Amino acid sequence: MSSNTTVRSTRRRTLRVAAAALVAVAGLTLTACSGSDAAGAKSAGRTGAGAAAVESSGAGSSPESSGADSSTGAQSSDAQAGSGAKADTTADTKAGAASKQSGSAHAGAGGTAASPVRTQRLADGISKAEIYKLGDQHYRAKIVARGSVLATLETKGHDDGLDANDMFVTLTLDGQVHSWMGGGHQGPGTFKLAGGWTAKVTKTGELRYRAQIIGHDGVAATLETNQHDVGLNANGIYIVLSAGGVISAHA
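Residues numbered from 1 in each chain as written. Predicted model: local features only at pLDDT ≥ 70, side-chain atom pairs only at ≥ 80, totals over all residues. Heavy atoms only, no water.

### With respect to the sheet that holds strand β6 (residues 167–171)
Consider a sheet: its strands pair through backbone hydrogen bonds, and that pairing is either parallel or antiparallel.
Argument step 1. Spatially, β5-β6-β7 is the arrangement adopted by the 3 strands of the open sheet, whose pairing is antiparallel. At either end of the open sheet lies a strand with only one pairing partner, and these are β5 (160–164) and β7 (177–181). On average, each strand axis in the sheet is tilted by 15° relative to the strand beside it, whichever way the strands run.
Argument step 2. Strand direction decides the pairing type here: β6 and β7, joined by 5 bridges, are antiparallel. (Pairing = 2+ DSSP bridges. Helix = DSSP H or I, 4+ residues; strand = E, 2+ residues; numbered from the N terminus. Axes fitted to C-alpha atoms, helices over the stretch in contact; angles between N-to-C directions.)

### Quick notes on the pattern of salt bridges
Argument step 1. Within the structure shown, the criterion is met by 3 salt bridges.
Argument step 2. A salt bridge links R140 to E154, with the shortest nitrogen-to-oxygen separation between them at 3.0 Å. Highlighted residues: R140 in strand β3 (residues 138–145) and E154 in strand β4 (residues 148–154), separated in sequence by 14 residues. For the pair R140 and E154, a shared accessibility class is recorded, and that class is buried.
Argument step 3. When the shortest N-O distance is used, the salt bridge between E224 and R210 registers 3.2 Å. Of this pair, E224 sits in strand β12 (residues 218–224) while R210 sits in strand β11 (residues 208–215); the two residues are 14 residues apart in sequence, bridging distant segments of the chain.
Argument step 4. Taken together, the shared-partner salt bridges connect R208, R210 and E224 into one network. (Salt bridge = Lys/Arg side-chain N within 4 Å of Asp/Glu carboxyl O. Buried < 20%, exposed > 50% of the residue type's maximum accessible area, 1.4 Å probe, protein only.)

### So, the pairing of strand β2 (residues 128–135)
Argument step 1. Summarising the sheet, strand β1 (residues 118–121) and β2 pair through 4 bridges and their orientation is antiparallel. Note that in β2 the partner of Q120 across the bridge is A129.
Argument step 2. In sequence, β1 turns back onto β2 through a hairpin of 6 residues, with G125 there showing a positive phi of about 80°.
Argument step 3. As paired strands, β2 and β3 are joined by 7 bridges and run antiparallel to one another. Directly across from A129, in β3, lies its bridge partner I143.
Argument step 4. Connecting the antiparallel pair β2 and β3 is a turn made up of 2 residues, with Q137 showing a positive phi of about 55°.

This is how it looks when you write it as structure tokens:
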């Protein structure tokens with residue numbers, strides 16, 4: 001082999017080695033760049049995740065995010081307040097209902113007795129009086145005939161009376177009922193009554209009459225109707241003055 005051929009072969013080998021070295025260096029460079037990019041991407045991903053976590057926790061949030069959080073909180077508070085108001089309303093309604101029920105029971109206990117203290121047959125032979133005690137000198141008498149309540153008398157600091165189709169009934173402060181038939185005088189006028197009494201009846205208005213009960217010493221009592229009948233116990237003489245001006249007395 002000539003010297004020129006040897007030199008050429010040596011050069012080719014050198015070029016091949018150099019080329020191989022360049023390829024290796026390029027590969028290492030590419031690998032390093034790829035690793036750096038991946039690490040950067042991974043780091044960036046972690047940074048993004050961290051930022052998302054920070055934003056989710058509310059730290060460093062924007063005013064808009066704070067406003068949304070505040071709005072959510074306000075809505076939650078409002079919902080809780082609304083629930084409380086509903087509960088309070090329900091409680092108030094129940095308390096109001098309980099108070100109303102208690103008031104009704106009290107009115108029933110004070111206004112009417114559960115059952116009559118006695119029942120008494122009246123002068124017409126058909127009607128009867130159911131007598132209830134409501135309190136001290138406070139009585140009520142229901143006039144009942146054939147299962148129906150025809151009228152009611154009640155003492156409230158004074159006697160009471162009734163003209164029931166020419167049957168006269170009185171209810172006194174001590175709960176006594178007296179009844180009789182007939183004996184009425186149509187007013188206005190002056191009339192002699194049982195027991196030596198005299199009644200002077202005058203008309204004062206529509207369904208309004210006044211009767212002065214006069215004894216030996218002058219006017220002893222006055223009866224006055226105001227669109228309803230009235231009655232009186234005058235020392236054991238029972239007197240009724242009707243809203244129509246009829247007066248009757250019975251011993």
